[in-house]
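# Structural overview for review
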Amino acid sequence: MIDLKLLQNNFDATAIALQRKKVDSELITALKTANDLLKNAKLTYESAQAAQNERSRLFGQYKKEGKSTDELKIEVDAAKVQLVELLETQRNAQEALESLAMRVPNLPDESVPDGEDENDNIEIKKVLTPPTFSFTPKEHWELAEANGWIDFERGVKLAKSRFSVVSGMGARLERALINFMLDFNRERGFNEVSVPMLVNRRALEGTGQLPKFEDDLFKVDGEELFLIPTAEVPLTNLYQDEILNAQDLPIKMTGYTSCFRKEAGSGGRDVRGMIRQHQFHKVELVSITRADQSDAIFDEMVACASDLLTALGLPHRLVTLCTGDLGFGAAKTIDLEVWLPGQNSYREISSVSSTRDFQARRAKIRYKEEGKNKFVHTLNGSSLAVGRTMVALMENFQNEDGTITIPDVLQKYLS
RNA sequence: GGACAGUUGGCCGAGUGGUCGAAGGCGCACGCCUGGAACGCGUGUAUAGGGCAACCUAUCUAGGGUUCGAACCCCUAACUGUCCGCCA
């Protein structure tokens, strides 16, 4: 959630920042109005309540002194009717403000370039040179089926389209990758955590998937539980409603989970292969930091994901997302895109974001510093999406006969 | 899933209708004591919102009810514990 005080006191600057993220100006004005309304409603209600509390106190005193309470009772009853109305007004104002505020995205960092969509993202650097082939490289689904690694049809049979089955060396490689990634991250100081893959509404509101993006989530029938779209949700919400000690920060975590996404609105895109599935595996990084630590940790997380790709020998590039491509909760994001020879293009394999205090406000994650409670900064990033890493390995390390050369770093995880 | 018990501040724990934002303890902070420390003694120590401030409002898991007035009485829900059932 954005800082409503900032909106209140610094309306123009906040409005401009939000407009960079394509929030429409009517919504911003409505938010300010709702905030003002609530402030007034609270003030009115609270002073009425103060008067009523005083009358109640007197009531007790009169009783004790044996004085008549008849007149006071009439006053109290009259005020009570008023109070109920004022409370109602205040509640409505509160609800109105909340439902607006929860749908307003985070402000972009000043460093984020303006832009409409992914075409305006800015490449920071390329790492490793894409391989050259003496033959026409195949796309991963061809390789996967030829090697018996992935069975797309049977995945559909078991569930529906965009589900697949991985078997044999493919399944072993998947497991090897997960272990390799977790170990790699752990060596860089990220504590391994294993979390629930179903979470409640409150958790999803904390990280920003709800209330706006319910259509993207799988919900469990008959329960207020959802399948997680990313481990960012449980990992970040571990500290929901908590006040942490400043000296315990930063908290750096890594976790492996399956992720579940409806991929609503992505119809027709990446239908073949395992680039875009309803269920996929991902190793995630999440950090909870003090405000002054978050930029450094952000760089650390980007480096971690990039070095992981380098260790696997996968050519990739780093891209700064422009305002138009930035996610709902992100203040800034760097995507890592891996080279796919079969597709002859770079494709997203990791996305590292800082939400600054946006999620912390929603999830109420704070830390104590000099006796004051402050909101933490939360950061998340993939390291890496396992399925897409498999795709990249297949396409980059394919041989002319269709076999795949598995990188040395994974050998010890395959023995 | 069934039965019973519970949920109070950073933690433990008292509190059955007004004087309770809450005794006492632990922890923590500061001071005294000490060569220095421990012990001991003293003082302070929840959160959020509003106000320059005095102060006001809200919060004893959550929501609702009774009452002039609720941590306290009633209802519902969530969670925790124990026993039973089921189960990897």
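Whatever comes next refers back to the structure up there.
Now for a description of the structure that goes with this document. (Residues numbered from 1 in each chain as written. Chains lettered and ligands numbered in written order. Predicted model: local features only at pLDDT ≥ 70, side-chain atom pairs only at ≥ 80, totals over all residues. Heavy atoms only, no water.)

### Regarding the protein's contact with RNA strand B
Stated precisely, the cut-off is as follows: When we say a residue is near a molecule or strand, we mean one of its heavy atoms is within 4 Å of it. Whenever two N or O atoms come within 3.5 Å, that pair is a polar contact, provided that in protein one can donate a hydrogen and the other can accept it, and provided that, for residues adjacent in sequence, both atoms are side-chain atoms. A run of H or I in DSSP becomes a helix once it reaches four residues, and a run of E becomes a strand once it reaches two; helices and strands are each numbered from the N terminus. Side-chain classes follow a simple rule in which Ala, Val, Leu, Ile, Met, Phe, Trp, Tyr, Cys and Pro form the nonpolar group, Asp, Glu, Lys and Arg form the charged group, and the remainder, Gly included, forms the polar group.
The local shell around RNA strand B holds 18 residues, among which Asn53, Ser56, Phe59, Val76 and Lys368 are the closest. By atom count, sugar and phosphate contribute 75% of the portion of RNA strand B lying within 4 Å of the protein. The side chain of Asn53 places a nitrogen or oxygen atom 3.0 Å from a phosphate oxygen of RNA strand B. The side chain of Lys80 places a nitrogen or oxygen atom 3.3 Å from a phosphate oxygen of RNA strand B. When contributions to the surface near RNA strand B are tallied by element, the ones reaching two or more residues are helix H3 (25–65), helix H4 (70–101) and strand S13 (366–369). Examining the composition of the surface near RNA strand B, we find that 9 residues originate from one element, H3, more than from any other. Looking at the surface near RNA strand B residue by residue, the class counts come to 4 nonpolar, 5 polar and 9 charged.

### Brief notes about the pattern of salt bridges
Operational definition: One side-chain nitrogen of Lys or Arg within 4 Å of one carboxyl oxygen of Asp or Glu is enough to make a salt bridge.
Applying the stated criterion across every chain yields a total of 28 salt bridges. Each of the salt bridges in this network shares a partner with another, and the network as a whole consists of Asp109, Asp295, Lys332 and Arg356.

### Details of the state of the cysteines
Convention followed: Disulfide: a pair of cysteine sulfur atoms within 2.5 Å of each other.
Taken as a whole, this structure holds 0 disulfides when the rule is applied. Cys304 forms no disulfide, and the closest cysteine sulfur to it belongs to Cys259, at a distance of 17 Å.

### Considerations on the nonpolar core
Most often, soluble globular proteins keep nonpolar side chains buried together rather than apart. We count it as follows: Working definition of a nonpolar core: buried Ala, Val, Leu, Ile, Met, Phe, Trp, Tyr and Cys residues. They are joined through side-chain atoms within 4.5 Å. The rule is simple: take the accessible area with a 1.4 Å probe, protein chains only, and divide by the maximum for that residue type; under 20% is buried, over 50% is exposed, in between is partly exposed.
In this structure, Leu173, Leu177, Leu336, Met394 and Leu410 are the most contacted members of the largest nonpolar core, which totals 50 residues. Membership of the second largest hydrophobic core comes to 19 residues, among which are Leu7, Leu18, Ala41 and Leu107.

### Let's talk about the side chain of Asn106
Where we set the bar: In this description, contact between two residues means that some pair of their heavy atoms is separated by no more than 4.5 Å.
Positionally, Asn106 belongs in the loop between H4 and strand S1 (122–127). Of note is the side chain of Asn106, whose polar atom sits 3.0 Å from the backbone oxygen of Thr355. Beyond its immediate sequence surroundings of up to four residues, Asn106 is in contact with Ile2, Lys21, Phe328, Gly329, Ala330, Ala331, Thr355 and Phe358.

### Observations regarding H4
Along an α-helix, residues three or four positions apart point the same way, because every turn accommodates 3.6 residues. Threshold: By this rule the span expected of a helix is its residue count minus one, scaled by 1.5 Å.
Taking 1.5 Å per residue, 32 residues should reach 46 Å; H4 reaches 46 Å between its end C-alpha atoms and fits that length. Within H4, the full set of buried residues consists of Leu72, Val76, Ala79, Leu83, Leu86, Gln90, Ala93, Leu97 and Ala101.

### A few points about the pairing of strand S8 (residues 251–260)
Test applied: Whether two strands pair depends on DSSP finding at least two bridges between them.
The buried count for S8 comes to 9 of 10 residues, which makes it a mostly enclosed element. Here strand S4 (residues 191–192) runs beside S8; their pairing, made up of 2 bridges, is parallel. Bridge assignment links Asn191 to a residue of S8, and that residue is Met253. For S8 and strand S9 (residues 279–289), the ladder comprises 10 bridges, and the chain directions are antiparallel.

### Some thoughts on the packing of helix H2 (residues 11–20) against H3
What counts here: Axes here mean lines fitted to C-alpha atoms, for a helix over just the part in contact, with angles spanning 0 to 180 degrees between N-to-C directions. In this scheme, a crossing is called left-handed if the near helix is turned counterclockwise away from the far one by less than a right angle; it is called right-handed if the turn is clockwise.
Closest axis-to-axis distance for the H2/H3 pair is 10 Å, and the angle between their directions is 145°. For the crossing formed where H2 meets H3, the hand is right-handed. Facing H2, whose interface residues are Phe11, Ala15, Leu18 and Gln19, H3 presents Ser25, Ile28, Thr29 and Lys32. Across the contact of H2 with H3, the residue classes tally to 4 nonpolar, 3 polar and 1 charged.

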